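Fold and geometry: a report
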Amino acid sequence: MKRNIASGRVEGMDKLRLVYPVEAGPSRWEKENRDGVRVPSRWPYGLDGLAAFGKLDYVELGRLTVPERLSLYSKVRRRRSHGTVTLSWDEGVGQRTLARCPGERNYCGVIWATDERDSIKSEVLRRVTTRTLAQSMDGLWCLSSAQVDACREIFGEEIPVSYLRFGVDDQFFMMREYSDSETLVSFGNDRDRDWETYWLAAGIIVSSLPSARIVGQGDSTVPRGGGRNAFLRVGRLSHVDVRRWYGESAVVGIATRENLHASGMTVALEAMASGRPVVMTRTPGIEDYVLDGITGRLVDPGDYVGFAEAVLAYMRDPDLAKLHGINGRERVVQSFNTRAMCSSISEIVGLGRCAP
């Protein structure tokens, strides 16, 4: 499926083709967002903002077949589309692009390739992916500065690798009046989330502050005890529900395991956009997003005691929490929103800035 939207760029610029997985592409996003308020941005990741830099369309692709994967690995290539620049958000979609609709120039993000795998199968897939991208991509970007050197090691010095600051929709996730609710919330389900640490910290928080309420996803053991509804584990939530929980929270917490891809940055930026301080695990690259002591607090991986103490410090000092929330909102509005991200992507792929 393809869809065109108007361009704010002068005629003659390259055509931009965004490649999405069919299971999470703009057609589903637009269907869910009929009234304009159910999901952030018009297209996933706010990439519709790239219409300011060239003629823009998208294509949604399903998973590759085994023969298609083999053709990629054996250097069999489809003819490239002249005058088209393709953009794929991650490695998996990048492979779909190269197999089915490569452009004259092709760029994609790297998320998972820099982190170790825990099985032979996953390691084989990683090697196939990296070889494929190294052969055919014209440029790569990472959402964590800590990944840049690792990517250069994996893919070689011939492919340009850039750090791209991620951004969120700061109009959907708007500043909310600060709540003194003593509620901590946490969302997200990528493989590097550390729900065990989060719920261990939750037990300490409620023991020290019985009026506190802890909300989170994840399948780790939820503590027992505490007052009524002290601990609430939630399942899959809509973006509207997530936004509502940010507004009802005093603090947003994100515990992760060691990783290079800045796991949890999306929730961190959404919380900051909503005016909430963030307590988060300190991993390489996460300081690109959360400033310790300014927009939140960073603690060492697995340190559930330190995590709990940081949350309690905010709950006991609403003025400090409010100040750090305001700082976070300003940071998102200035530099970590989808507009800024799309402008950076346009520079990475050589389109320059938006025409006046």
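Position numbers for residues count from 1 along each chain, tracking the sequence in the order it is written. Per-residue local features are limited, in this predicted model, to residues with pLDDT of at least 70; the limit for side-chain atom pairs, both in listing and counting, is 80 or more; totals at the level of whole chains, interfaces and linings are taken over all residues. For the side-chain quantities, the full set of heavy atoms in the structure was used; hydrogens and water were omitted.

Now for the sheet that holds strand S9 (residues 213–216). A pair of strands is labelled paired if DSSP reports no fewer than 2 bridges between them. Counting from the N terminus, the helices are DSSP H or I runs at least four residues long and the strands are E runs at least two residues long. Spatial ordering of the open sheet is given by S10-S9-S8-S11-S12-S13, a layout of 6 strands whose pairing is parallel. At either margin of the open sheet sits one strand with a lone partner, and together these are strand S10 (231–233) and strand S13 (296–299). Across the sheet, the mean angle from the axis of one strand to that of its neighbour is 15 degrees, orientation sign disregarded. Contacts are assigned to residue pairs that have any heavy atoms within 4.5 Å of one another. Throughout, an axis means a line fitted to C-alpha atoms (over the contacting stretch in the case of helices), and angles, computed between N-to-C directions, take values from 0 to 180 degrees. Of the strands in this sheet, strand S11 (251–254) and strand S12 (278–281) touch helix H8 (residues 265–273), which is tilted by about 165 degrees from S12. Seen against the sheet, helix H9 (residues 304–316) touches strand S8 (183–186), S11, S12 and S13 and runs at an angle of roughly 165 degrees to S13.

Cysteine sulfur pairs qualify as disulfides if the two atoms are within 2.5 Å. Under the defined criterion, the tally for this structure stands at 0 disulfides. Free of any disulfide, Cys108 has its nearest cysteine sulfur in Cys151, 9.2 Å distant. We note that Cys151 lacks a disulfide partner, and the nearest cysteine sulfur, in Cys142, lies 3.4 Å from it. A 1.4 Å probe rolled over the protein chains alone gives each residue an accessible area, and that area as a share of the maximum for its type sets the label: buried under 20%, exposed over 50%, partly exposed in between. A relative accessible area of 0% means that Cys151 is categorised as buried.

What follows is about the packing of aromatic side chains. Each pair of aromatic rings taken from Phe, Tyr and Trp, with Trp reduced to its six-membered ring, is defined by centres within 6.5 Å and is described as stacked if the planes are under 30 degrees apart, edge-to-face if over 60, and tilted in the remaining cases. Counted by the stated rule, this structure contains 12 aromatic pairs. Seen in terms of ring centroids, Trp43 and Tyr58 are 4.9 Å apart; in terms of plane orientation they differ by 85 degrees. Their pairing is edge-to-face. One end of the pair, Trp43, is in the loop between helix H1 (26–32) and strand S3 (55–61); the other, Tyr58, is in strand S3, and 15 residues separate them in sequence. Summarising the burial analysis for this pair, Trp43 and Tyr58 share the class buried. What links up through ring pairs into an aromatic cluster is the set Tyr45, Trp89, Trp141 and Phe166. In this structure, Arg165 is placed above the aromatic ring of Phe336, and the distance from its NZ or CZ to the ring centre is 5.3 Å. Directly above the ring of Phe172 sits Arg243, whose terminal nitrogen or CZ lies 4.1 Å from the centroid. When the NZ atom of lysine or the CZ atom of arginine is within 6 Å of a ring's centre and also within 35 degrees of its normal, the charge is said to sit over that ring.

Scored from 0 to 100, pLDDT reflects the predictor's confidence in each residue. Counting all residues, the mean pLDDT for the protein is 88, and 87% of those residues have values of 70 or more. Taken as a whole, residues 1–13 scores under 50 in pLDDT and shows 39 contacts with residues more than four places along the chain or in a different chain. Within the model, pLDDT remains below 50 along residues 352–356, and this stretch shows 13 contacts once partners closer than five positions in the same chain are excluded.

So, about the side chain of Ser346. Along the chain, the position of Ser346 falls in helix H11 (residues 338–348). Within 3.5 Å is the distance limit for a polar contact, defined as a pair of N or O atoms, with the added protein rule that one can donate a hydrogen and the other accept it, and that residues adjacent in sequence qualify only through two side-chain atoms. Among the polar contacts listed, one links the side chain of Ser346 to the backbone oxygen of Ser343, at a separation of 2.6 Å.

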